[in-house]
Amino acid sequence: MYRFLLTPRWWGINLFAVLAIPLCVFMGTWQLGRFEDRVQSHEQAAKQPAPGARAAKPLDDLLPVDTVTSGRPATATGRYADQFLVPGRELDDKSGFYVLNMLRTDGGKALPVVRGWLPGRPGHTPVPAAPTGEVTVTGDLQASENTGTDGVDTAGGLPDGQLGMISAASLVNLVPYDVYDGWVTLQDTDSSAAAGDGTLRPVPAVAPQGSGLDLKAFQNLGYTGEWFVFAAFVLFMWFRLVRREVEAARDVKLGLVPDTDTDAGTRTA
């Protein structure tokens, strides 16, 4: 009764099921692993002290930036050089921009330093001048931004002196010196003098990507369920097709349904 499973048509159906089910299970397991990794990272981050509560360390001791060093206070010494304004950044639900200065260190490499945030639009709001001479800054270390970072402007076409994304890749094309792959945000902006309608406000450090139970984590969990449902659906459909084929063969054997192959042969003869 089950000899039909060896026919060419059923070889194709069987092959599809044999390949599709393990693939769906593998993909579901992989997505579940991604979700568990995010949960573990979130738990580890929750157990660690607040980044700002830790002692500041030299910048080079905290590089490269990862989920452990992101947010840690870092110190660097140098002189402020080029200044850029980063538009389209919000703070406390207000629109404004970051004031970013490149800190040229003794080694020649520059560290992007976000001195603070100002409301309004670049070019329409006075910006406090950066300190002159050699300075030592202490700020919360952050990883370079990417196209998925909130507030990043990827459209391009910004005026000179403005920057859409804080990253070494974008800055290296704007300055004639090497740039650290990371940046710091100053939490103490009292040294900046008032300018126009206010002073620079500190930009809070953000948690590193992939360290919390964000939307992407629950997307991984949702994809896990989808892949397992696909595997179950393929298995269900295979059993349903087999059952229907068996029932059709039984009906033909009992004479409840004419054998179409036999009738076709008779008409041909």
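Looking at the packing of aromatic side chains
Any aromatic ring pair is given by two values, namely how distant the centres are and how the planes are angled relative to each other. According to the stated counting rule, one finds three aromatic pairs in the structure shown. With a centroid separation of 5.8 Å and an interplanar angle of 90°, the aromatic rings of tryptophan 227 and phenylalanine 230 are classed as edge-to-face. With tryptophan 227 and phenylalanine 230 both in helix α4 (residues 215-253) and three residues apart, the pair spans about one turn of that helix. Judged by relative accessible area, tryptophan 227 falls into the partly exposed class, the value being 24%. Judged by its relative accessible area of 42%, phenylalanine 230 is partly exposed. The ring of tyrosine 177 carries arginine 104 above its face, with NZ or CZ at 4.1 Å from the centroid.

Observations regarding the pairing of strand β5 (residues 134-142)
In this sheet, β5 lies alongside strand β2 (residues 73-91) in antiparallel orientation, the contact comprising seven bridges. The partner of alanine 76 across the bridge, within β5, is valine 137. Bridging between β5 and strand β6 (residues 183-186) involves four bridges; their strand directions are antiparallel. What sits directly across from aspartate 140, in β6, is threonine 185.

Quick notes on the environment of lysine 57
Topologically, lysine 57 is positioned in strand β1 (residues 57-58). Distance in space between the C-alpha atoms of lysine 57 and alanine 76 is 8.9 Å, their sequence separation being 19 residues. For lysine 57, the residues in contact, after removing those within four places along its chain, are Leu62, Arg72, Pro73, Ala74 and Thr75.

A short note on the confidence of the model for the chain
Confidence along the chain averages 83 in pLDDT terms, with 83% of residues attaining 70 or more. Here helix α5 (residues 260-268) stands out as the least confident element of the chain, with mean pLDDT 45; strand β4 (residues 110-119) is the most confident, with 96. This stretch, residues 191-197, has a pLDDT under 50; its non-local contacts, to residues over four places away or in other chains, come to ten contacts. Below pLDDT 50 for its whole length, residues 262-269 participates in one contact with residues either more than four positions away or in separate chains.

Conventions and cut-offs
Residues numbered from 1 in each chain as written. Predicted model: local features only at pLDDT ≥ 70, side-chain atom pairs only at ≥ 80, totals over all residues. Heavy atoms only, no water. Phe/Tyr/Trp six-rings, centres within 6.5 Å; stacked < 30°, edge-to-face > 60°. Helix = DSSP H or I, 4+ residues; strand = E, 2+ residues; numbered from the N terminus. Buried < 20%, exposed > 50% of the residue type's maximum accessible area, 1.4 Å probe, protein only. Lys NZ or Arg CZ within 6 Å of the ring centre and 35° of its normal. Pairing = 2+ DSSP bridges. Contact = heavy atoms within 4.5 Å. pLDDT = per-residue confidence, 0-100.

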